[in-house]
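Chain by chain, the residues run as shown.
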Amino acid sequence: MYIKSFNNDWYFWREKDAFSLIWDIPENARRIDLPHDAMLESTPSAESRNGGNTGYRDGDVYIYVKRIFIPEETAQKTLKIKFEGVYMNAFVYVNGQQAGKNVYGYSVFYVALNDYIEYGKENEIRVQVRAGAMTNSRWYSGAGIYRDVWLLESGITYLEPDGVQIRTEYADEEYAVLEVKSEIHNRHFQYQNLVLESVITDDDGNLIATERFPVLLDGGERRICTQRFTVDSPKLWSAETPVLYKIISRLYLEKKQISKNLKLADWENYKKEVVLLDENEEAFGIRTLRLNKKKGLLVNGVPVKLRGACIHHDSGLLGTATYEYAQYRQIRKLKEAGFNAIRMSHHPMAPAMLRACDRLGMYVMDETFDMWTIFKTSYDYALYYKECWEEDVSAMVRKNYNHPSVILYSVGNEIPEIGNGHGANICDDLCKKIKEMDPTRFTLVSINGIFATGTDITVLLEDIVKRHADENSMDENRQVSGINVNEFMSLQEAYMDEIVTHDMVSRRLETACASVDIAGYNYMTARYEPDGINYPNRIIVGSETYPPEIGRNWTEVKKFNYVIGDFTWTGWDYIGEAGIGIPGYAAGEGGFGAVYPAQLAYCGDYDITGWRRPLSYYREIVFGLRETPYIAVQNPAGYGRELMKTPWVMSDTISSWTWDGYEGKPVKVEVYSSGQEVELFSNGVSMGRKNVGEDLPYRSVFDMVYEPGSLVAITYENGKELGRFELSTASVERKLIISVEESLKYASRCMEKFTKDIAKLIYLNVELRDEKDQLVMNDDRKLHVTVQGAELLGFGSANPKPLYHYQEDITETYLGRAQIILKAIEETSSEEKKIIVDVKEIRKDENDEKRNHCQGRTRSIIID
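Bear in mind the structure is a predicted one, so any value in this text is a computation, not a measurement.

**Student:** In this structure, what is going on with the nonpolar core? I would like to understand it.
**Tutor:** Counting 184 residues, the largest nonpolar core has Tyr 64, Leu 306, Ile 342, Trp 372, Ile 631 and Trp 657 as the members making the most contacts within it. No other element matches the six residues that helix H4 (residues 385-400) contributes to this core. Leaving out residues up to four positions away in the same chain, Trp 372 has contacts with Ala 382, Tyr 385, Val 411, Gly 412, Ile 415, Glu 417, Ile 418, Gly 423, Ile 426, Cys 427, Leu 430 and Val 445. Of all hydrophobic cores here, the second largest spans 20 residues; its members include Ile 762, Leu 764, Leu 783 and Ala 790.

What follows is the structure, given as structure tokens:
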């Protein structure tokens, strides 16, 4: 079907009266463009009913209205609206009549318009989003129409959306065989003589193959037509070679008086006797997947280890508003850091991100649900699972079918009922449904061994308590039900390996893994080796792992062919699950006990602005992708104090050698490196040479005294220098620098089809740097921004405890950085295309001479 953006010119407001007899547009309604995260507009509050789950932001009931004139001649057309995602409980009305609904906040769904339209008149599209029942999510869900919306148009007989599906039957360097299935629907009451044309081109438009054949479709009939193509010398898609092809499908109607002597082979004459009804274009890749115990996962016959990152779906300062540019930027950065795979946690991925993964080369594990029939929050998807699961799984598979990046399907995350018989049956139903629709990808379920024990978890933990009663000062007869959350987490962290390898967990896993192709292990590295022996045909993936354990995990992944990869929690920081990665030294500062204003999880390799954190460089070294060492310095304010941290935190470090006020005081320096030995120099004086990885793989810790100047780490292999890394103390003279990070230059070919319709974003970095251009991370400033010629979408920092709203014009730098996100205004004239951004520092303390070096000054940038 022909597709065009339906994002612009909506009215938006919060509903105050559900039982309103007159559906009008109130005076307080705002004109907005989509995508739009309505929850992000709310002010975070310690009194939030959602609490830390959503970063102390609450949902509500939201109304979106768009008016559109439908011409008379459109009565002979088919019209649909495609919603890529509305969170949650979306009810769609056309001229006051309910035309469609979708309760799951992450599914693509379509609404047919023809039965509700008044032709030759203005029509009203009204979407009610009922996201006010809380809690309904364990992480920041956002709310509203947060993904793109499209208007689809075709003839009365048409190609179904998501109905053209391309499958690689065979592929090598010599040739590939493709199966193409096209779903056609005849809405007309009479039969139709049709011609289906399929044209395959490479990404530059060069013709590869063409096929045409006649189709007679009865009135009201739906049919799936199958074609088969042979492509010579195909360019195979993989993460390293993300080559895409296109298939253009055209559906023609034969004229009534067509000559019986005409043949499709004489297309130049034949096409004069047909009328084009519909046209569809799909991008796809040619690639094959195989899986076995001996070689693991093979893409195009080549073994692949997945260097994976779990991610949630928000885009930092944008909330969950899903802009194509933001998705492209995120995938590009994750790949630059060494990842080759992502797991969408814990719901189906946005089409915009799939397009980025296809174009840039990123393997995808897409996921169905975070829950099945047992609730994890009060009003989550478990309310609807039994009625809606099949529709939502079908939507996910149809959405993904032509995306070569998608290689795995997770049918659930940490499902409590997975280890019992009824849960196993649900898992079997899910896997069968996916295989019925798409037999080419592999299924798994992401299992937390502790949760899988279900109601027997207390029995398991009581057994562990009895075994270690003396060590943890607990009464061996004490009931686990009396243990508080902190004791439980301490117990779990201290004895995780023993817990996950317990016989009770093993029995539940036998049930849980019965229907899947791959066993997804969340935090169960200790099972990799024994399960390879005890279950000789089991293929394993670390579907969710602790970031600090990547050194241990990756060693196991490389050792065993049947362990196909590791997915860390997480690759990118996110709003919600507030505090799980925030290090703290007192109650309430971080971890599970973190209190407001903690709003971010703070456990990503990247922070929410897209800046790499120390653990990202550690991981890159572990992966074998970086020889240069990296220095991270523990906060000297915490020296000698107990760090209150969760398993997602390695230490409280930043990559800085500027610690004003701590001269002559002790500090710990971490060096991440490959090689055999590492030596650290402070102002040219050796602080010692250590064997790499004495306390943790690829990490060495030096205990020393902070002295301003230079800090250099050198790594050695067989006595020869392998690489070096230097930090130095920032000078006193400091200035704000504004620079363009991402701009319209990233309107890449991955978005070529939609370039005219998508919002174009510009990312600006605001950084405090010294005269040597070093980032100053311990001298943060309060800033005010003004923008001309563009829309300000976000202004903020990576601070996990932000004091300012991301949609305000005031923020503070965090670790020397802030970020501005702009949306270009398309309607401006050529004279008005310049964008002017002014950032002014707001004076914090008139008497603080130390902070007066750039206070009150305004920094500007002009963008053409």
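**Student:** Even after reading the chapter, I still don't get the sheet that holds strand S33 (residues 685-691), so can you show me in this structure?
**Tutor:** Pairing between the strands of a sheet is mediated by backbone hydrogen bonds and can be parallel or antiparallel. The four strands lie next to each other as S33-S32-S35-S36, forming an open sheet whose pairing is antiparallel. Only two strands of the sheet have a single partner each, and these edge strands are S33 and strand S36 (720-728). Shown here is a sheet whose adjacent strand axes are inclined to one another by a mean of 15 degrees, direction ignored. In this structure, strand S35 (residues 710-717) lies alongside S36, joined through eight bridges in antiparallel fashion. When the sheet's bridge partners are listed, Thr 715 is paired in S36 with Gly 723.

**Student:** Explain the sheet that holds strand S13 (residues 192-202) to me, please; I cannot follow it from the model alone.
**Tutor:** The strand order S14-S13-S16-S17 describes an open sheet built from four strands, whose pairing is antiparallel. Here the strands that pair on one side only, and so sit at the sheet edges, are strand S14 (207-217) and strand S17 (274-284). For this sheet, the mean angle separating the axes of adjacent strands, direction not counted, is 15 degrees.

**Student:** Any chance you could explain the pattern of salt bridges here in plain terms?
**Tutor:** Opposite charge on two side chains makes pairing possible when the charged atoms of those side chains draw close. According to the stated counting rule, one finds 58 salt bridges in the structure shown. Note that Glu 336 and Arg 332 form a salt bridge whose closest N and O atoms lie 3.6 Å from each other. Highlighted residues: Glu 336 and Arg 332, both in helix H2 (residues 324-336), separated by four residues, approximately one helical turn. Measuring nitrogen to oxygen at the nearest pair gives 2.8 Å for the salt bridge that ties Glu 544 to Arg 343. Taken together, the residues Glu 544 in strand S27 (residues 540-545) and Arg 343 in strand S22 (residues 341-344) connect sequence positions 201 residues apart. Across the pair, Arg 343 and Glu 544 agree in class, each one buried.

**Student:** Sorry if this is basic, but what is going on with empty space enclosed by the protein here?
**Tutor:** Any empty space left between atoms is shown by rolling a water-sized probe over those atoms. For the structure shown, the criterion picks out four cavities of 30 Å³ or more. The calculated volume of the largest cavity comes to roughly 130 Å³. Lining the largest cavity we find 15 residues, and of these Tyr 87, Tyr 104, Tyr 106, Asn 136 and Met 371 sit closest to its centre. Taken as a whole, the second largest cavity holds about 60 Å³ of empty space. Around the second largest cavity sit Arg 147, Ile 311, His 312, His 313, Thr 322, Gln 327, Gln 330, Met 344, Met 349, Ala 350 and Met 353, which together line it. In the lining of the second largest cavity, the residues fall into five nonpolar, five polar and one charged.

**Student:** So what exactly am I meant to see when it comes to the side chain of His 468 here?
**Tutor:** Position of His 468 among the secondary structure elements: in the loop between helix H7 (457-467) and helix H8 (485-494). Apart from the residues lying within four places of it in its own chain, the contact partners of His 468 are Tyr 495 and Glu 498.

**Student:** Whenever I open this one, the packing of H2 against helix H3 (residues 351-360) confuses me. Can you help?
**Tutor:** What describes two packed helices is the angle between their axes and the distance between those same axes. Direction vectors running N to C along H2 and H3 enclose 40 degrees, while the axes themselves pass 8 Å from each other. Taken as axis vectors, H2 and H3 run oblique relative to one another. Our pair here, H2 against H3, has a crossing hand that is right-handed. Here Glu 324, Gln 327, Tyr 328, Gln 330, Ile 331, Arg 332 and Lys 335 of H2 lie close against H3, whose contacting residues are Ala 352, Met 353, Arg 355, Ala 356, Cys 357 and Leu 360. Looking at the contact of H2 with H3 residue by residue, the classes come out as seven nonpolar, two polar and four charged.

**Student:** Explanation requested: the side chain of Glu 367 in the structure shown.
**Tutor:** Mapped onto the elements, Glu 367 comes out in strand S23 (residues 363-367). The exposure class assigned to Glu 367 is buried, which follows from its relative accessible area of 0%. In this structure the side chain of Glu 367 is engaged in a polar contact, spanning 2.9 Å, whose partner is the side chain of His 346. Side-chain polar atoms of Glu 367 contact the side chain of Ser 446, separated by 3.3 Å. Sequence-distant contacts of Glu 367, that is, excluding residues within four places in its chain, are made with Arg 343, Met 344, Ser 345, His 346, His 347, Pro 348, Met 396, Ser 410, Gly 412, Asn 413 and Ser 446.

**Student:** Which parts of the structure should I look at to understand the packing of aromatic side chains?
**Tutor:** Each aromatic ring pair is summarised here by two numbers: the centre-to-centre distance and the angle between the ring planes. Here the structure, examined in full by the defined rule, presents 35 aromatic pairs. Ring plane angle 90 degrees and centroid distance 6.2 Å describe the contact between Tyr 381 and Tyr 385, whose orientation is recorded as edge-to-face. The same class applies to Tyr 381 and to Tyr 385, which are both buried. Ring-pair connections join several aromatic residues into one group, and the members of that group are Tyr 87, Tyr 104, Tyr 106, Phe 369, Tyr 381, Tyr 385 and Trp 389. Here Arg 613 stacks its cationic end above the ring of Tyr 602, 3.8 Å away from the centre of that ring. The ring of Phe 702 has Lys 690 sitting right over it, with the charged end atom 5.0 Å from the ring centre.

**Student:** What is the right way to look at unusual backbone geometry in this model?
**Tutor:** With the exception of glycine, most residues fall at negative phi, and the peptide bonds are largely trans. Omega for the bond connecting Leu 34 with Pro 35 falls within 30 degrees of zero, at 0 degrees, which places this linkage in the cis form. Relative to the assigned elements, Pro 35 resides in the loop between strand S3 (30-32) and strand S4 (61-70). A cis geometry characterises the amide bond from Trp 569 onward to Thr 570, with omega recorded as 0 degrees. By the element assignment, Thr 570 lies in the loop between strand S28 (563-569) and helix H13 (614-622). Positive phi, close to 65 degrees, is recorded for Tyr 602, a residue that is not glycine. If you trace the backbone, Tyr 602 turns up in the loop between S28 and H13.

Rules behind the numbers
Residues numbered from 1 in each chain as written. Predicted model: local features only at pLDDT ≥ 70, side-chain atom pairs only at ≥ 80, totals over all residues. Heavy atoms only, no water. Core = buried A, V, L, I, M, F, W, Y, C linked by side-chain atoms within 4.5 Å. Buried < 20%, exposed > 50% of the residue type's maximum accessible area, 1.4 Å probe, protein only. Helix = DSSP H or I, 4+ residues; strand = E, 2+ residues; numbered from the N terminus. Contact = heavy atoms within 4.5 Å. Pairing = 2+ DSSP bridges. Axes fitted to C-alpha atoms, helices over the stretch in contact; angles between N-to-C directions. Salt bridge = Lys/Arg side-chain N within 4 Å of Asp/Glu carboxyl O. 1 Å grid on protein atoms, 1.4 Å probe; cavity = no way out; pocket = protein on both sides within 12 Å on 5 of 7 lines; lining within 4 Å. Points joined across faces, edges and corners; volume = space filled by probe spheres on them. Nonpolar A, V, L, I, M, F, W, Y, C, P; charged D, E, K, R; others polar. Parallel < 35°, antiparallel > 145°, perpendicular 65-115°, else oblique. Left-handed = near helix turned anticlockwise from the far one by under 90°. Polar contact = N/O pair within 3.5 Å; in protein donor to acceptor, adjacent residues only side chain to side chain. Phe/Tyr/Trp six-rings, centres within 6.5 Å; stacked < 30°, edge-to-face > 60°. Lys NZ or Arg CZ within 6 Å of the ring centre and 35° of its normal.

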